[in-house]
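# Examination of the molecular architecture
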Amino acid sequence: MPDASPGAAPGSLPHVEADVLAATCTPGGTPISCNDAWQTVFGRNEDNPWTRLQEEDRRELTTALNRAVGGSLVTNHLCRVHLPDRDEPLPLLMQFVPVYLPENRTGEYAEEYADVSSDEAGARASENQGRCADGERHVRAVTVTGEIMAEPDSWTPSQTQRHRMEALGRMTMGVADTLRASLDTIEEVAVDGATLVEKIQRYSRREGQSSFETLDLVDLIEGCLTLTRPYWYNEPRRQGITIELERDLRDVPPMRGAATELREVFVNLILNAVQAMPGGGRLRLRTGHDDERGVYAVVEDTGAGMSADVREHIFEPMFTTKGGRGSGMGLAVSYGIVQEHDGEIRVDSAPGEGTRFTLCFPPADEDDVGTSDDTGDSAPTARPARVLVVDDEKRVRTVLRKLLHLKGHAVEQATSGAEALALVENE
């Protein structure tokens, strides 16, 4: 993070060293020690370090601090600090790391840390983890770090763009210390991405999922909200935009389905809703159950809305209103996935009135709860065929050839229509 000049005009970044903001706090939130960068941004108010935050951010960071006191590693909380000499709020990305100290030496360590830097305090705390006589570890302090996510006015457009992309990457991927929670999320995303070609194949051939499991729709949607939080919360707030989230996720009966497939549907709908509200708005998610619709979920936004003509085509493959930013397959694949689950997806929208997607699924039969459809019987194997693959992209031909080979088919390749016709005529 580059320094601003000491005499910078209002609106430019404050003079902060190229180090992260860092402080070691008591469980009550009082800083035991903090570095110069922290004091420059948050001031020297030891009784309440959050005085320069808005009320909503104070609540968010207090909750994060309490979670860290409970032993959780809390990362990627975005807040905005109001500085006396800056017109716009300063966006900060905050991390909260619990520090474990022996029960019988709390006062001693608190006194010891009073005269050292936060980095050294954290190191000393790490050295003393797990030394309690009873074998238990106790959180007696929290290390809080922050990173400024804004860029100086003097930066060139390329510097600004690079910084924003790096910032979005950090907010999306988190930091290495997220341990198992982040690894689980990364694994889910990797598995979801690995099935992309298979999803498109199933859409085109209308193949059903061979094995479903019993799912809790509310838990699945909550996971999708966690996965997409950088897009509907962190990045909009960094830009000074607010997207409010309204949850009304009521318990519903279990349903049968493929979690990977349904996650793709809800992540796609959430991201579409965010993109429809470039100036901010409200994102609503609801779940429910009734005899007419079965298990249902609603994803609704207050964005630009759609015309009747756009609504008529949104589930068609390759149809997009995003120009070069969209593939036109998101809603088409989502439609196919819902169909695989014997479900229904409806859209209600009008220009200037937002958009509402309603997804309905049949609840699982009582006999199916906790069981799998995988009985060990495999689908009949297709008769091997000789297939001609025509595409001017080598990578596309290679992927299709490998997929067809896995099914036992022989493959010929052509790079153009003329070459393909010549192969057909000769062979």
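First, a word on what this report is: a plain description of the structure on this page. (Residues numbered from 1 in each chain as written. Predicted model: local features only at pLDDT ≥ 70, side-chain atom pairs only at ≥ 80, totals over all residues. Heavy atoms only, no water.)

## A word on the overall build of the protein
A count of helical and extended segments in the protein gives 13 helices and 14 strands. Put simply, the protein has 427 residues, and 40% of those count as buried. Counting contacts in the protein only where the partners sit at least 6 residues apart, residues at least 24 apart contribute 66% of the total. Carbon and sulfur atoms form 48% of the exposed surface of the protein, whose accessible area is close to 23,100 Å². (Helix = DSSP H or I, 4+ residues; strand = E, 2+ residues; numbered from the N terminus. Buried < 20%, exposed > 50% of the residue type's maximum accessible area, 1.4 Å probe, protein only. Contact = heavy atoms within 4.5 Å. Areas by Shrake-Rupley, 256 points an atom, 1.4 Å probe, with all protein chains shown as cover.)

## Considerations on the environment of Leu 220
As for its placement among the helices and strands, Leu 220 is situated in helix α8 (residues 217-238). Relative accessible area serves as the criterion here: at 10%, Leu 220 is assigned to the buried category. Residues Leu 220 and Thr 260, 40 residues apart in the sequence, show an inter-C-alpha distance of 9.6 Å. Contacts of Leu 220, omitting those with residues within four sequence positions, involve Leu 215, Ala 259, Leu 262, Arg 263 and Phe 266.

## A short note on the packing of aromatic side chains
Counted under the stated rule, the structure contains 6 aromatic pairs. On the basis of an interplanar angle of 75° and a centroid distance of 6.1 Å, the ring pair of Trp 232 and Tyr 233 is categorised as edge-to-face. Residue Tyr 233 is classed as buried on the basis of its relative accessible area of 7%. Here the aromatic rings of Phe 315 and Tyr 335 are separated by 5.3 Å at their centres, their planes lie at 35°, and the arrangement is tilted. With Phe 315 in the loop between α10 (308-313) and α11 (330-340) and Tyr 335 in helix α11, this residue pair connects regions lying 20 residues apart in the sequence. Looking at Phe 315, the relative accessible area reads 16%, which means it is buried. The class of Tyr 335 is partly exposed, set by a relative accessible area of 26%. Cluster of aromatic residues (ring-pair linked, three or more members): Trp 38, Phe 42 and Trp 50. Taking NZ or CZ as reference, Arg 229 lies 4.1 Å from the ring centre of Tyr 233, over its face. (Phe/Tyr/Trp six-rings, centres within 6.5 Å; stacked < 30°, edge-to-face > 60°. Lys NZ or Arg CZ within 6 Å of the ring centre and 35° of its normal.)

## Points about the sheet that holds strand β7 (residues 243-249)
Spatially, the 5 strands line up as an open sheet ordered β7-β9-β10-β12-β11, and their pairing is mixed. What marks the edges here is a single partner per strand, and that holds for β7 and β11 (344-349). Ignoring strand direction, the axes of neighbouring strands in this sheet form an average angle of 10°. Pairing of strand β10 (residues 294-301) with strand β12 (residues 355-361) involves 7 bridges; the strand directions are antiparallel. (Pairing = 2+ DSSP bridges. Axes fitted to C-alpha atoms, helices over the stretch in contact; angles between N-to-C directions.)

## Remarks on the side chain of Thr 355
Note that Thr 355 resides in strand β12. The exposure class of Thr 355 is buried, given its relative accessible area of 7%. Apart from the residues within four sequence positions on either side, Thr 355 is in contact with Val 299, Glu 300, Asp 301, Gly 305, Met 306, Val 347, Asp 348 and Ser 349.

## Brief notes about the pattern of salt bridges
Per the stated rule, a full pass over the model turns up 17 salt bridges. The residue Arg 282 makes a salt bridge to Glu 244 at a minimum N-O spacing of 3.6 Å. Of this pair, Arg 282 sits in strand β9 (residues 281-290) while Glu 244 sits in strand β7, placing them 38 residues apart in sequence. Assessed through its relative accessible area of 26%, Arg 282 is described here as partly exposed. Under the relative-accessibility criterion, Glu 244 is labelled partly exposed at 41%. The residue Glu 246 makes a salt bridge to Arg 284 at a minimum N-O spacing of 3.3 Å. (Salt bridge = Lys/Arg side-chain N within 4 Å of Asp/Glu carboxyl O.)

## Section: the packing of α8 against helix α9 (residues 259-275)
It is the contact of α8 with α9, at a shortest axis distance of 9 Å, that shows an interaxial angle of 45°. As far as their axial angle goes, α9 and α8 are oblique. Relative to α9, α8 is oriented so that their crossing is right-handed. On the side of α8, the interface is formed by Leu 217, Leu 220, Ile 221, Cys 224, Leu 225, Leu 227, Thr 228, Tyr 231 and Trp 232, while α9 contributes Ala 259, Leu 262, Arg 263, Phe 266, Val 267, Ile 270, Leu 271 and Val 274. Its residues assigned to classes, the contact of α8 with α9 comprises 15 nonpolar, 1 polar and 1 charged. (Parallel < 35°, antiparallel > 145°, perpendicular 65-115°, else oblique. Left-handed = near helix turned anticlockwise from the far one by under 90°. Nonpolar A, V, L, I, M, F, W, Y, C, P; charged D, E, K, R; others polar.)

## Comments concerning the side chain of His 341
Tracing the backbone shows His 341 in the loop between α11 and β11. Looking at His 341, the relative accessible area reads 3%, which means it is buried. From its side chain, His 341 meets the backbone nitrogen of Ala 258 in a polar contact 3.0 Å long. In this structure, His 341 is in contact with Phe 212, Met 255, Arg 256, Gly 257, Ala 258, Glu 261, Leu 262, Phe 361 and Pro 362, ignoring residues within four places of it in sequence. (Polar contact = N/O pair within 3.5 Å; in protein donor to acceptor, adjacent residues only side chain to side chain.)

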